[in-house]
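Notes for the structure review
Listed here are the chains, written in short residue letters.
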Amino acid sequence: MIELLRKRRSIRSYTAETIAPATVELLIEALLRAPSSRNINPWEFIVVDDRELLSKLSRAKEHGSAFLEGAQLGIVVCADSTTSDVWVEDCSIASILVQMTALSLGLGSCWIQIRQRRHDAKCSAEEYIQKLLGLPEHVKVQSMISIGHPDEVRMPLRSDELEYFKVKHNHFDQPWYPGDKS
Ligand SMILES: Cc1cc2nc3c(=O)[nH]c(=O)nc-3n(C[C@H](O)[C@H](O)[C@H](O)COP(=O)(O)O)c2cc1C
């Protein structure tokens, strides 16, 4: 996992190559293997491969979602918010796990934030998607994950770019020094 994390970057540009059905099944398995609070599994996942629908979903927000149109797959991560008070955390974990699984399978992906984002002055991004996908009102939308074969190369973060200053040792006043054994 650490080797995968060392390569991990958000990928927003994809080739036209389709994702093999067996690979899509692995991605779905990864979603369903995510941990959730009290094992409630509040999520609902909408797997989208319809080009027209991907195009419409890519317009969910004014900024930061347009590249979904070029993806081979979009996973809309939702939850029945009435079943758990921590569905946001649960959905976030499922989202990152499917992204890491995509990376492990040679695919690129990017998280598209939907919760708390707007479609336009009158409509939230969530309402736009609820209408488009026929989601009931209590089914909330956390994110969309765009996935495809990468059509861009992004340099991994170098070790010296990691924000070790955000890490403390035992007490907030005490910085953590990389390699610190004290
Ligand atoms: C909670 C969350 C929301 C994000 N929302 C978006 C988004 O709406 N659109 C987008 O292009 N990238 C989005 N990203 C990706 C971040 O922009 C990206 O992870 C960050 O810039 C660091 O780049 P890297 O992932 O390549 O290391 C989101 C990431 C997270 C974790």
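Scroll up to find the structure this text is about.
This write-up is about the structure you can find in this document. These figures come from a predicted structure and were not determined experimentally.

1. Considerations on the sheet that holds strand E4 (residues 139-148)
- Spatial strand order, E1-E2-E4-E3: four strands in an open sheet with antiparallel pairing. Of all strands in the sheet, those bounded by a partner on one side alone are strand E1 (43-48) and strand E3 (108-113). Direction aside, the axes of adjacent strands within the sheet are offset by 20 degrees on average.
- For strand E2 (residues 73-80) and E4, the ladder comprises eight bridges, and the chain directions are antiparallel.

2. So, helix H4 (residues 87-104)
- Under the 1.5 Å per step criterion, the end-to-end length of H4 is 26 Å for 18 residues, consistent within 8% with the ideal 26 Å.
- Every buried residue of H4 is accounted for by Trp87, Asp90, Cys91, Ala94, Ser95, Val98, Gln99, Met100 and Ala102.
- For H4, the secondary structure elements touched by its buried residues are helix H1 (2-7), helix H2 (21-32), E1, E2, E3 and E4.
- Downstream of H4 by one or two residues, Gly106 has phi in the positive range, about 85 degrees.

3. With respect to the packing of aromatic side chains
- Per the stated rule, a full pass over the model turns up one aromatic pair.
- Of note, Arg12 hangs over the ring of Phe67, and the distance from its end group to the ring centre comes to 5.9 Å.
- Taking the ring centre of Phe172 as reference, the NZ or CZ of Lys168 above it sits at 4.9 Å.

4. Concerning the side chain of Ser10
- Structurally, Ser10 can be placed in the loop between H1 and H2.
- Relative accessible area serves as the criterion here: at 18%, Ser10 is assigned to the buried category.
- Discounting residues that sit within four places of it in the chain, Ser10 has contacts with Ser109, Cys110, Glu152 and Arg154.

5. Quick word on the site of the ligand
- Inspection of the region around the ligand gives Arg8, Arg9, Ser10, Arg12, Lys61, Gly64, Phe67, Cys110, Trp111, Ile112, Gln113 and Arg154 as its neighbouring residues.
- Between Trp111 and the ligand, the recorded distance is 3.3 Å, taken from a backbone N or O atom to a nitrogen atom.
- Protein contacts shield 61% of the accessible area of the ligand, which totals 620 Å² for the unbound molecule.
- Of the residues belonging to the shell around the ligand, the class tally is four nonpolar, three polar and five charged.

6. Things to note about unusual backbone geometry
- Notably, Arg38 is not glycine yet its phi reads approximately 55 degrees, a positive angle.
- Within the secondary structure, Arg38 sits in the loop between H2 and E1.
- Of the residues examined, Arg38 reaches a relative accessible area of 63% and is grouped as exposed.
- The backbone phi angle of Asn41 is positive, close to 50 degrees, even though this residue is not glycine.
- For Asn41, the location among the structural elements is in the loop between H2 and E1.

Cut-offs used in this document
Each chain carries its own residue numbering, running from 1 in the direction its sequence is written. Per-residue local features of the predicted model are confined to residues with pLDDT of at least 70, and side-chain atom pairs are confined, for both listing and counting, to 80 or more; whole-chain, interface and lining totals are unaffected and use all residues. Hydrogens are left out, water is left out, and the side-chain values use all remaining heavy atoms of the structure. Criterion used throughout: strands pair if DSSP finds at least two bridges between them. Only runs of H or I of at least four residues qualify as helices and only runs of E of at least two qualify as strands under DSSP, and these elements are numbered from the N terminus. Axis definition: a line fitted to C-alpha atoms, over the contacting stretch in the case of helices. Angles run 0 to 180 degrees between N-to-C directions. Each helix should span, by expectation, one fewer than its residue count multiplied by 1.5 Å. Partly exposed describes any residue whose relative accessible area lies between the buried limit of under 20% and the exposed limit of over 50%, with all areas from a 1.4 Å probe on protein chains only and scaled to the type maximum. We call two residues in contact whenever any of their non-hydrogen atoms come within 4.5 Å of each other. What counts as a ring pair is set by centres within 6.5 Å for rings of Phe, Tyr and Trp (its six-membered ring), and what kind of pair is set by the plane angle: stacked under 30 degrees, edge-to-face over 60, tilted for all other angles. Two thresholds decide whether a charge sits over a ring: the Lys NZ or Arg CZ must be within 6 Å of the ring centre and within 35 degrees of the ring normal. We call a residue near a molecule or strand whenever a single non-hydrogen atom of that residue lies within 4 Å of it. We call two N or O atoms a polar contact when they sit within 3.5 Å, provided that within protein one can donate a hydrogen and the other can accept it, with sequence-adjacent residues counted only if both atoms are side-chain atoms. Note that accessible areas follow from Shrake-Rupley with a 1.4 Å probe, and for residues the cover is restricted to the protein chains shown. For this classification, the nonpolar set comprises Ala, Val, Leu, Ile, Met, Phe, Trp, Tyr, Cys and Pro, the charged set comprises Asp, Glu, Lys and Arg, and every other residue, Gly included, is treated as polar.

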